[in-house]
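These are the residues of each chain, in order.
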Amino acid sequence: MGERISANNSSIGACFQRLNMSIPDKGITSPWFSTTFALIGLFSNLIAFCVLVNAYQKTHSRSRSSFLIFLCGLVVTDFMGLLVTASVVCSYHFTKFEWAEVDPKCHLCNFFGLSMVFYGLCPLLLGASMAVERFIGINKPFERSANMSKRRAFLTVLMVWIFAFCLGLLPIVGLGSYTLHYPKSFCFLSLSHDIMSIAFGMIFSLVGILSVVLSFVLNTISIVTLCKVCFDRNSVQRRRDSEVEMMVQLVGIMLIASACWLPLLIFIAQTVLQAPPQGVPQDILPPETNKYLLIYIRVATWNQILDPWVYILFRRSVLRKMYPKLSSRPSIVSLYPEYSMSLRRKLTQESVIH
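The structure reproduced in this document is the subject of the present report. Computed from a prediction, not measured in an experiment: that's the story for all the values here.

1. Considering the packing of helix α2 (residues 62–95) against helix α4 (residues 107–139)
Right, so step 1: At a minimum axis separation of 10 Å, α2 and α4 run at an interaxial angle of 160 degrees. If you check the angle between α2 and α4, you find them roughly antiparallel. Considering the relative orientation of α2 and α4, their crossing is left-handed.

Spelled out as structure tokens, the structure:
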């Protein structure tokens, strides 16, 4: 059975005119599925936020304070993303309201689509920003000590939010569009094959993929540098648990983001670039594409659910129980013997390795 809203009906918004759905197994559209995981995600992010605020109040290290600001920004983003999107999705599943009647001008649909893009890209961009911050902190500790501050960390998070919001506005101002997707519970960017939809689909996919790639490259270099210091027997011993904790958390964030978001980003790029199936209009998604889009979006949603457990489970207190020798590790400064001991001691107090 299929359902299509005719494009000749000018009384409804454009976001409903491309809807063509053959309803597959209703099991994947259960309201309890969305509600359960939304509540788990919200609760997890609240716990993580409390953990991070407590850690922020106790820390005296500039580098760790900056890193915790990034993490708090990520937790707030994940929490608000779940709250905004789940409130609409769960409302639809329980009430089965008609979008064309409730939102004839597509204002709610556009807001929901913008929210999906904004809250989707922000974690990837923040992950890349944290990877840059850690890369500089571990590989260029003295430069980072002089330049990075709490204020700059706040500004970086704000810039990421602004950038993601501006990208989310593009379909509203004409580059692509937001449309209602199967099972009529959410709006997302259009995957049709007109030039504007292709352009925005590729922008969204490439920004996300490049963020993940940048995180992977920089985190790999940082891990190699950190391992070099940790296993250097000639290095000056200093507490290294803070750097190890931050890198473990950052790698966890990167792996979760990659596993959750890359399938959707690649799927979007493939869908907008490949020719539509024969006999299917280019502005209508085939039933199988609708089904896979829903599955990949739900996989991406796990990013917001799993992220907070990285901060909860991979704290220093937990890591020390797993690896008791963690608290005595060499200093990053030991990689730079050209600095005198007095200068190194002075700079280290404010650097990433404090």
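2. What to know about the state of the cysteines
Right, so step 1: Within the structure shown, the criterion is met by two disulfides.
Right, so step 2: Here Cys-15 engages in a disulfide with Cys-106; their sulfurs sit 1.9 Å apart. Because the torsion about its S-S bond is -95 degrees, the bridge between Cys-15 and Cys-106 counts as left-handed. Remark: Cys-106 occurs in the loop between α3 (99–102) and α4 and Cys-15 occurs in the loop between β1 (2–4) and β2 (20–22); sequence separation between them is 91 residues.
Right, so step 3: Its relative accessible area of 5% is what places Cys-106 among the buried residues.
Right, so step 4: Each sulfur of the disulfide joining Cys-109 and Cys-187 lies 2.0 Å from the other. Of note, the bridge from Cys-109 to Cys-187 carries an S-S torsion of about -115 degrees and is left-handed in sense. A residue pair is termed long-range when its members are at least 10 positions apart, and Cys-109 in helix α4 and Cys-187 in strand β4 (residues 186–189) qualify at 78 residues.

Rules used in this analysis
- Residues numbered from 1 in each chain as written.
- Predicted model: local features only at pLDDT ≥ 70, side-chain atom pairs only at ≥ 80, totals over all residues.
- Heavy atoms only, no water.
- Axes fitted to C-alpha atoms, helices over the stretch in contact; angles between N-to-C directions.
- Helix = DSSP H or I, 4+ residues; strand = E, 2+ residues; numbered from the N terminus.
- Parallel < 35°, antiparallel > 145°, perpendicular 65-115°, else oblique.
- Left-handed = near helix turned anticlockwise from the far one by under 90°.
- Disulfide = S-S within 2.5 Å.
- Buried < 20%, exposed > 50% of the residue type's maximum accessible area, 1.4 Å probe, protein only.

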